[in-house]
Amino acid sequence: MTPEKQSPFLSGRPTRRDRLPVLVGPLVGVLAALVCGISVLTGVVVVHNMQQELTGVKRELTAARERLAVLESFHGFTGGEVADDLSQNDGMMTPDDGDHGSARVKRDGPVLGGLCQQGPPGPAGRDGVAGRDGRDGVPGSAGPTGPVGLQGPAGDKGDTGLPGRDGEPGAGGSVYIRWGRKTCADNGGAELVYSGVAGGTYHNHPGGGTNYQCLPTDPQWGRRYQDGVQGEKSYIYGAEYELNTNVPFGSTSLHDNDVPCAACYVPTRGSKLMIPARNTCYSGWTREYHGYLMASYYNHPGSKEYVCVDEQPEAVPGGHADHNGALFYPVEARCGSLPCPRYVEGRELTCVVCTK
């Protein structure tokens, strides 16, 4: 006999309908967990995207500030004010008090790119707060020497100083001619340069030189010369004393004798002075020698200089002959323009040679 099919509700085992509530609970938990995980993941993605967006916005703001700095140098904008405008208006520049122009400017727009025309200059900014005084700096190094300036005017002449002492030999010196003597005076270191004979232009020649010369006794000649008297030349002759009385030298024995001379060097005194009508030097000067003033005859056409002939004159050996030539005559004073009675009519004048 075929067994009958037993109803499941009559069997002792649970049916599918009886197991349904048991399966629904865990499934609902799994779905809830899945939904929660998706929500969290979605939130993470949203936050990440927002961070990236904020980073991009910051970059754009930074670029906008750099562009605005360029605009500030051209339009006088204040960087801080414009940056605040951009941050408050999503990167848009809006006019507030007329300081930034009358047009809205969006970042990354053509104005920031320098494509628009330059607007009018903005108003001057306010004066800033004065800074504090700076500290003293370290002195710098000396600069190069500047060019020499213009010479100033001469100052006032100073007072005359005290006479100095004689210098050491070779520190200068002076040279003088001692007329009528063959040697130098021994009065303080005068050195004989050479001994010679006096000479000059012939006494009655209108031309030639006008000063006496002390000619050395050892002449030297050039490479070219011509002996004999030629026409167009100047001449020099020896000099003679002309003394027709025993005044002023106390004797006429030197009359027509040739006149000697000596060139003297004083190494310690650099200045020389011949003073007529005196036989002593003024204060501060050293007397080298003294004597009498002599020159050519007043009526001869060939005039000569005044020279000081030593008071004790000598003659050139072997020169006693009346050859004339350049002549030495004593000099007398004539009153009139000369102040007399300090000077005396017809009195022979003295002279002195001084060095310092």
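Residues numbered from 1 in each chain as written. Predicted model: local features only at pLDDT ≥ 70, side-chain atom pairs only at ≥ 80, totals over all residues. Heavy atoms only, no water.

**Some remarks on the packing of aromatic side chains**
In this description, a pair of aromatic rings is defined by centroid distance and the angle of the planes.
Here is step 1 of the chain: Within the structure shown, the criterion is met by 8 aromatic pairs.
Here is step 2 of the chain: Aromatic pair Tyr 212 and Phe 328: ring centres 4.2 Å apart, planes at 25°, arrangement stacked. Taken together, the residues Tyr 212 in the loop between β4 (191–200) and β5 (213–216) and Phe 328 in strand β11 (residues 326–330) connect sequence positions 116 residues apart. Neither Tyr 212 nor Phe 328 differs from the other in exposure class; each is buried. (Phe/Tyr/Trp six-rings, centres within 6.5 Å; stacked < 30°, edge-to-face > 60°. Helix = DSSP H or I, 4+ residues; strand = E, 2+ residues; numbered from the N terminus. Buried < 20%, exposed > 50% of the residue type's maximum accessible area, 1.4 Å probe, protein only.)

**What to know about the nonpolar core**
Here is step 1 of the chain: Counting residues in hydrophobic clusters, the biggest one holds 32 residues, and the most contacted among them are Tyr 176, Trp 179, Tyr 289, Val 309 and Phe 328.
Here is step 2 of the chain: Taken together, the elements giving at least two residues each to this core come down to β3 (174–179), β6 (237–241), β7 (260–266), β9 (286–295), β10 (307–310), β11 and β12 (350–355).
Here is step 3 of the chain: Ignoring sequence-local partners within four residues, the contact set of Phe 328 consists of Trp 179, Ala 198, Tyr 212, Ala 239, Glu 240, Tyr 241, Glu 242, Val 259, Met 294, Ala 295, Val 307 and Val 309. (Core = buried A, V, L, I, M, F, W, Y, C linked by side-chain atoms within 4.5 Å. Contact = heavy atoms within 4.5 Å.)

**Structural notes on the pairing of β9**
Here is step 1 of the chain: With 7 of 10 residues buried, β9 lies mostly within the body of the structure.
Here is step 2 of the chain: Pairing analysis gives 6 bridges linking β9 to β12, with the strands arranged antiparallel. The residue of β12 that forms the bridge with Tyr 289 is Val 353.
Here is step 3 of the chain: Where β9 and β10 come together, 4 bridges link them in antiparallel fashion. Bridge assignment links Met 294 to a residue of β10, and that residue is Val 307.
Here is step 4 of the chain: As paired strands, β9 and β11 are joined by 2 bridges and run antiparallel to one another. Within β11, the position partnered with Ala 295 by the bridge is Tyr 329. (Pairing = 2+ DSSP bridges.)

**Regarding the confidence of the model for the protein**
Here is step 1 of the chain: With 79% of its residues at a pLDDT of 70 or more, the protein shows a mean pLDDT of 81.
Here is step 2 of the chain: Confidence over residues 1–11 falls short of pLDDT 50; this stretch has 3 contacts with residues more than four positions distant or in other chains.
Here is step 3 of the chain: Segment residues 90–114: pLDDT under 50, and 45 contacts once partners within four positions in sequence are set aside and those in other chains are kept. (pLDDT = per-residue confidence, 0-100.)

**Quick word on the pattern of salt bridges**
Here is step 1 of the chain: Tallied over the entire structure, the rule returns 4 salt bridges.
Here is step 2 of the chain: The partner of Arg 181 in a salt bridge is Glu 314, and the shortest N-O contact between them spans 3.7 Å. One end of the pair, Arg 181, is in the loop between β3 and β4; the other, Glu 314, is in the loop between β10 and β11, with 133 residues separating them in the sequence.
Here is step 3 of the chain: What makes Glu 314 partly exposed here is its relative accessible area of 23%. (Salt bridge = Lys/Arg side-chain N within 4 Å of Asp/Glu carboxyl O.)

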